[in-house]
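# Structure at a glance
Below are the chains, spelled out letter by letter.
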Amino acid sequence: SVAWNHDGSLLASGSSDGTVRLWTRDGQEKGTLKGTIASWQGLDAETKELAAKVKEGGSSGGNRTGQYIVTADSDMVYVFQTNADGEKQGEPLACFRSPASVESVTCRETKVVVGCADGQVLFLEAPLLAVG
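Keep in mind that this is a model prediction, so the values were computed, not measured.

What follows is about the environment of A52. Positionally, A52 belongs in helix α1 (residues 45-55). Put simply, A52 and L33 are 19 residues apart on the chain and 9.9 Å apart in space, counted from C-alpha to C-alpha. The residues touching A52, leaving out its near neighbours within four places in the chain, are I37 and W40.

Written as structure tokens, this is what we have:
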């Protein structure tokens, strides 16, 4: 699973082996957390809460930004326009192929983050998601 913190400056990704990785907004790995949540030292409360959420399989940040929604099917990630109720409309406006099966996807502003079944985390830039 993948999740953003409240202001979008930090992303956490969780893998099936229980490892949590922390990332900057631009995709630079900031750190790796292993072991139990109780064993994690030196984290501020917000970061620890975010990391715990993904370790337990939760996501946040959503797959919707502005008038767009990002979805995944197998190894493909799709960007759709939405209607006023947030429902996807028509054919995809863009698509990306992931090198592995997609487990989770989240977006924030023009960033699309894909969590893959093999543990990879992809940071994609989707300029069409810019609100304007």
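Having put the structure on the table, let's press on.
Turning next to unusual backbone geometry. Backbone geometry places S74, a non-glycine residue, at a positive phi of 60 degrees. By the element assignment, S74 lies in the loop between β6 (68-73) and β7 (76-82). The phi torsion at E109 lies on the positive side, around 55 degrees, for a residue other than glycine. With respect to the helices and strands, the residue E109 is situated in the loop between β9 (102-108) and β10 (111-116). Residue E109 is classed as partly exposed on the basis of its relative accessible area of 47%.

Bringing the side chain of T71 into the picture now. Locating T71 in the fold gives a position in strand β6. T71 gets classed as buried once you look at its relative accessible area, which sits at 18%. If we ignore the near neighbours within four places in the chain, the residues touching T71 are N63, M76, V77, Y78, F80 and V105.

The subject of this paragraph is the sheet that holds strand β4 (residues 29-33). As a general point, the strands of a sheet are linked pairwise by backbone hydrogen bonds and lie either parallel or antiparallel. In spatial order, the strands read β1-β2-β3-β4; together these four strands make up an open sheet with antiparallel pairing. Bordering the open sheet on either side are β1 (2-4) and β4, each of which pairs with just one other strand. If you compare each strand with its neighbour and ignore which way they point, the axes differ by 20 degrees on average. Each of β1, β2 (10-14), β3 (20-24) and β4 is contacted by α1, which is oriented at about 30 degrees to β2, the strand it contacts most.

The space that makes up the largest pocket amounts to roughly 340 Å³. Together, 21 residues line the largest pocket, and S1, G14, S15, S16 and C116 are the ones closest to its centre. At the level of secondary structure, the elements contributing two or more residues to the lining of the largest pocket comprise β2, α1, β9 and β10.

The next thing to look at is the packing of aromatic side chains. Under the counting rule described, the total for this entry stands at two aromatic pairs. Each ring, one from W23 and one from F123, has its centre 5.5 Å from the other, and the planes form 55 degrees; the classification is tilted. Separated by 100 residues along the polypeptide, W23 in strand β3 and F123 in strand β11 (residues 121-125) bring together distant segments of the chain. On the basis of relative accessibility, which here comes to 23%, the residue F123 falls in the partly exposed class. On the basis of an interplanar angle of 45 degrees and a centroid distance of 6.3 Å, the ring pair of Y78 and F80 is categorised as tilted.

What counts, and where the lines are drawn
- Residues numbered from 1 in each chain as written.
- Predicted model: local features only at pLDDT ≥ 70, side-chain atom pairs only at ≥ 80, totals over all residues.
- Heavy atoms only, no water.
- Helix = DSSP H or I, 4+ residues; strand = E, 2+ residues; numbered from the N terminus.
- Contact = heavy atoms within 4.5 Å.
- Buried < 20%, exposed > 50% of the residue type's maximum accessible area, 1.4 Å probe, protein only.
- Pairing = 2+ DSSP bridges.
- Axes fitted to C-alpha atoms, helices over the stretch in contact; angles between N-to-C directions.
- 1 Å grid on protein atoms, 1.4 Å probe; cavity = no way out; pocket = protein on both sides within 12 Å on 5 of 7 lines; lining within 4 Å.
- Points joined across faces, edges and corners; volume = space filled by probe spheres on them.
- Phe/Tyr/Trp six-rings, centres within 6.5 Å; stacked < 30°, edge-to-face > 60°.

By themselves, these figures tell us nothing about what the structure is for.
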